[in-house]
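Residues per chain are reported as follows:
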Amino acid sequence: MSDNTGPKMVTLTIEGRTAVVPEGTSIIEAAKTVGVLIPHYCYHPGLPVAGVCRMCLVDVEKFPKLAPACATTVMEGQVVHVHNEKARTARTGVLEFLLINHPLDCPVCDQAGECELQDYTFQEGRAESRYEEPKRFNPVEDFGGDVMYVPNRCILCTRCVRFMTEVADDPVLNVSERGDRAFIGKAPGHDLTNEWAGNVVDLCPVGALLSKDFLNKARAWELDRSASICTGCSQGCNITVETRDNTVVRLKPRSNDDVNLYFMCETGRLDYRWINRRDRLDQPQVRSPDGALRVMDWEVALDAAADALRGRRVHVLASPNASNEALFLAERVREASGGQGWYRVSYGHEAPLPGVPDLSLRAERAANGTGARLLGYHELIGAPTIGADDAVLIVDDTLEQHATDALLQALRAAAVLVHAGTTLPTAIADRVHVTLPLANHTEEEGTFTNLRGRVQRFLQSRTAPGLARPSWYVLADLTERLGLTASLAQPAQVFDALAAAHAPFAGLRHATLGLRGRLVANAAEFAEANAGATT
C-alpha cells in the first residue's frame, strides 16, 4: 500500500473555473488560485478570520443562504458564484451601509488611489446615496508612534485589533461602544509604540489609520514602486520602495512567506532618509600632484585606481550593506594580492514579532553580514593591521558609526587609499588617492544574503546622482583593469561568476532567484548561529 503523505485535494468550480486546492482551504483563497478576487475587508491572509464585514458573501449552490467566503472551507464538487445577481446585490447593500457615515474625504485622504472602499464602491456600489441624514463625526486621534486614527473613515474591519492582539501580542486596541457609535479604542495609558505597530497602517483597507511620516507627502498615483530588500537588519525583509520625483518617500512590506510574511518593523520602515541625503559623491576624483582631489573622467579615475593598487597588498574594508556582487568583486582584489577583508557592523536590540515564527528585528543592523562572511570577510573588532606599503580599498563604509581613532589612524597610515562609496568620509578625505562615486542599493540592482542564508534580489528604484555608477559596475571595471576578471556587463553575470567561485553559492543562478530568493548550499549550517564576530 502506498503511503501518500500529501494533502488531500478538493475540486470545485468558482465562476465557471475549476479549482483544485488542499482540503481546508477557504473559498476566498481557492478563488485566488483561478484568478477570481472576491471583494473583502476584514479578511487578511496574515490574520485570524473574523467574518465581520460581510463583504465576501458568495452564492454556493445547495447552500440555504449566502456564505462568507473567508470563513467557509471548500468541499468536493462545490459550485460557487461570486458575481451573480444574488451575491452582487448583497455586497451592494453592505457597501451602502458602510458608506452611511463615511465622509467624502477622497480628495484629501492619503489612502485615495489605493483604497479598497473606493475600488469596490466604484465596482459594485450604488451610483447615488439614499442617505439624507447628517453623518456622525469624531475627532482625529493620535495613536502614538507613527499612527494616526481618523474614526470617521473607519469601517470596523478589526484588522488592526486582531494584528495587535493575535500577532503582535500587544492588545492595546479594541472595538469600543456598539452599533453606529462603535470605534477603535486604545487602552488608557498605552500607545502604538510597539516595534511592529506600523503594520496596522498597511493592514487598514481604508484611510482610517495613517502614517504620520507619510501624511500629505504624495498621492498613490504619483508613486513609482519597485521590489527591494530592507537594510535595517539581517532579517532581510522583502519591501517595496516607493519614490516620487526620484526621492524615496515610503517603504512598505512585500509578502514573502519564507522571510517576513506580510510585515516589517518600524526601524526598517522609517530608515530611509539617509537614502535621500544631499552630500552624495556624484563624480570620480583623483588626487593631483598639487595635493587636491580633482574631478576626472571615469576612465582616467579607474586607470588611476588600478595603477595605485597594482603590485601592493590590498586590504578591503567593505560595508555589510554592500551587495553580494560588490563584495565578490572586491574580494577578487583582496585575494589576488594576499590582503585581508573586513566589515564593520552596528548592533542593537532584538524585537521579535510573536505571532510569526522566525521574524524579528535582528541585533545585527545590516542586510548582508551573512553574505560578507560567506565571501571571506571578517568582522573588524578594534584596529586593523595595515603595513606601511599596503593599500586599502574602502567599499561604501561611511566611517560614521563607531569609527575609532585607532581605525582612522590605521587607514590614514596606509600607503594608498582608494575609496568607492556614496559619500566621502571627512576623516580620510585628505588621504584618499582616488574616490569613485557609487549608487546606493535603491539605485542599482543586486542581491543580499540574509541571516538564514537566503539570497534575495533587490531592483533599482531611482536614478543615481550625477555620474555615480552601480557598485558592481565600478568594481567590475576595476578588476578587469587589474586582470582579475573578464568583462562583466550585467549584475547577472557577476552573480553567476560569484556562484561558480564560492561553494556556498554553488547551484544558484541569477535567472532562477526570482523575487523570493533561494537558499545557499550550506544554509542549515549557520541558520541558528551565523552572527559570530571574527577578529
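What you see is a predicted model, and the numbers here were worked out from it, not measured in a lab.

J.: Give me the overall build of the protein: which residues, what numbers.
T.: Within the protein, the secondary structure is distributed over 14 helices and 26 strands. Across the 535 residues of the protein, 55% fall into the buried class. When contacts within the protein are restricted to residue pairs at least 6 apart in sequence, those whose partners lie at least 24 apart make up 66%. For the protein, the accessible area works out to roughly 23,300 Å², and carbon and sulfur atoms hold 51% of it.

J.: So what's going on with the sheet that holds strand E3 (residues 57-60)? Which residues, and what values?
T.: Judged by pairing direction, the sheet is mixed, and its five strands sit side by side in the order E2-E1-E5-E3-E4 without closing on themselves. On the outer flanks of this sheet lie strand E2 (17-22) and strand E4 (67-68), each paired with one strand and no other. In terms of strand pairing, E3 meets E4 through two bridges, oriented antiparallel. Residue pairing in the sheet places Val-58 in a bridge with Ala-67 of E4.

J.: Can you lay out the pairing of strand E8 (residues 173-176) for me, pointing to particular residues and giving the numbers?
T.: Of the strand pairs in this sheet, E8 and strand E9 (residues 183-186) are connected by four bridges, and their pairing is antiparallel. The residue of E9 that forms the bridge with Val-175 is Ile-184. Remark: six residues form the turn of the hairpin made by E8 and E9, two consecutive strands paired antiparallel; Glu-177 in that turn has positive phi of roughly 60°.

J.: A description of the packing of helix H7 (residues 298-309) against helix H11 (residues 471-481) should follow, citing residues and the corresponding values.
T.: At their nearest, the axes of H7 and H11 sit 9 Å apart, and the two run at 55° to each other. Here H11 runs oblique to H7, going by the angle between their axes. The interaxial crossing formed by H7 with H11 has right-handed handedness. Side by side, H7 and H11 meet where Trp-298, Glu-299, Leu-302, Asp-303, Ala-305, Ala-306 and Leu-309 of the first sit next to Val-474, Asp-477, Leu-478 and Arg-481 of the second. Residue classes in the contact of H7 with H11 are distributed as seven nonpolar, no polar and four charged.

J.: Summarise the environment of Lys-86; cite the residues concerned and give the values.
T.: Positionally, Lys-86 belongs in helix H2 (residues 85-98). A sequence separation of 21 residues divides Lys-86 from Lys-65, and the C-alpha atoms of the two residues are 9.9 Å apart. In this view, Lys-86 contacts Asp-59 and Leu-66; residues no more than four positions away in its chain are not counted.

J.: I'd like a description of the sheet that holds strand E12 (residues 238-244), backed by residues and values.
T.: An order of E11-E12-E13 is seen for the three strands of this open sheet, with the pairing classed as antiparallel. Each edge of the sheet is formed by a strand with only one pairing partner; in this case those strands are strand E11 (224-229) and strand E13 (247-253). Along the sheet, successive strands turn relative to each other by an average axial angle of 30°, direction set aside. Note: E12 against E13, six bridges, orientation antiparallel. Pairing of Ile-239 across the sheet is with Pro-253, part of E13.

J.: So what's going on with helix H10 (residues 405-412)? Which residues, and what values?
T.: Looking at H10, one finds that the buried residues are Leu-407, Leu-408, Ala-410 and Leu-411. Here the buried residues of H10 occupy an arc of 160° about the axis, which is enough to place them on one side. Residues Asp-405 and Gln-409 are exposed on H10 and point more than 90 degrees away from its buried face. Turning to H10, the residues buried within the fold contact strand E16 (314-318), strand E21 (391-395) and strand E22 (416-421).

J.: Which residues make up the side chain of Arg-454, and what values go with them?
T.: Within the fold, Arg-454 resides in strand E25 (residues 454-458). Residue classification places Arg-454 among the buried residues on the basis of a relative accessible area of 12%. A polar contact is formed between the side chain of Arg-454 and the backbone oxygen of Gly-517, at a distance of 3.1 Å. Once residues within four sequence positions are removed from consideration, Arg-454 is found in contact with Asp-258, Val-259, Phe-448, Thr-449, Arg-516, Gly-517, Arg-518 and Leu-519.

J.: Account for the pattern of salt bridges, naming residues and giving values.
T.: Under the definition given, this model contains 40 salt bridges. In this structure, the salt-bridge partner of Glu-124 is Arg-88, at a minimum N-O distance of 3.5 Å. Of this pair, Glu-124 sits in helix H3 (residues 116-124) while Arg-88 is found in helix H2, placing the two residues 36 residues apart along the sequence. Using a relative accessible area of 4% as the deciding quantity, one classes Glu-124 as buried. One network of salt bridges, in which partners are shared, links Glu-96, Arg-126, Glu-128 and Arg-130.

J.: I'd like to hear about unusual backbone geometry, residue by residue, with values.
T.: Unlike most non-glycine residues, Arg-54 shows phi in positive territory, near 60°. Here Arg-54 shows up in the loop between helix H1 (27-32) and E3. Here Arg-54 falls in the partly exposed class, since its relative accessible area comes to 37%. Within the chain, Glu-177 stands out as a residue other than glycine whose phi angle is a positive 60°. Along the chain, the position of Glu-177 falls in the loop between E8 and E9.

J.: Residues and numbers for the state of the cysteines, please.
T.: In total, this model carries zero disulfides according to the counting rule given. Here Cys-53 is not disulfide-linked; the sulfur of Cys-42 is the nearest cysteine sulfur, at 3.7 Å.

J.: Requested: an account of H11, with residues and values cited.
T.: Taken across its eleven residues, H11 has eight buried, putting it largely inside the fold. Every buried residue of H11 is accounted for by Ser-471, Trp-472, Val-474, Leu-475, Ala-476, Asp-477, Leu-478 and Thr-479. Two residues or fewer after H11 comes Gly-483, characterised by a positive phi angle close to 75°.

J.: Can you explain the packing of aromatic side chains? Please cite residues and give values.
T.: For any pair of aromatic rings, the description rests on two quantities: the centre-to-centre distance and the angle between the ring planes. The tally for this structure, following the rule as stated, stands at six aromatic pairs. For the ring pair Tyr-41 and Tyr-120, a centre distance of 5.6 Å and an interplane angle of 65° mean the geometry is edge-to-face. Of this pair, Tyr-41 sits in the loop between H1 and E3 while Tyr-120 sits in helix H3, placing them 79 residues apart in sequence. In textbook terms, an aromatic cluster arises when at least three aromatic residues are bridged by ring pairs, as seen for Phe-163, Tyr-262 and Phe-263. When the ring centre of Phe-214 is taken as reference, the NZ or CZ atom of Arg-250 above it lies at 4.0 Å.

J.: For the pairing of E13, give the residues involved together with the corresponding values.
T.: By the criterion of burial, E13 is predominantly enclosed, with five of the seven residues buried. Between E12 and E13, which pair antiparallel in sequence order, lie two residues; one of them, Asp-245, sits at a positive phi of approximately 50°.

Definitions and cut-offs
Residues numbered from 1 in each chain as written. Predicted model: local features only at pLDDT ≥ 70, side-chain atom pairs only at ≥ 80, totals over all residues. Heavy atoms only, no water. Helix = DSSP H or I, 4+ residues; strand = E, 2+ residues; numbered from the N terminus. Buried < 20%, exposed > 50% of the residue type's maximum accessible area, 1.4 Å probe, protein only. Contact = heavy atoms within 4.5 Å. Areas by Shrake-Rupley, 256 points an atom, 1.4 Å probe, with all protein chains shown as cover. Pairing = 2+ DSSP bridges. Axes fitted to C-alpha atoms, helices over the stretch in contact; angles between N-to-C directions. Parallel < 35°, antiparallel > 145°, perpendicular 65-115°, else oblique. Left-handed = near helix turned anticlockwise from the far one by under 90°. Nonpolar A, V, L, I, M, F, W, Y, C, P; charged D, E, K, R; others polar. Arc of directions from axis to C-beta. Polar contact = N/O pair within 3.5 Å; in protein donor to acceptor, adjacent residues only side chain to side chain. Salt bridge = Lys/Arg side-chain N within 4 Å of Asp/Glu carboxyl O. Disulfide = S-S within 2.5 Å. Phe/Tyr/Trp six-rings, centres within 6.5 Å; stacked < 30°, edge-to-face > 60°. Lys NZ or Arg CZ within 6 Å of the ring centre and 35° of its normal.

These results come straight from atomic positions and should not be treated as a statement about function.
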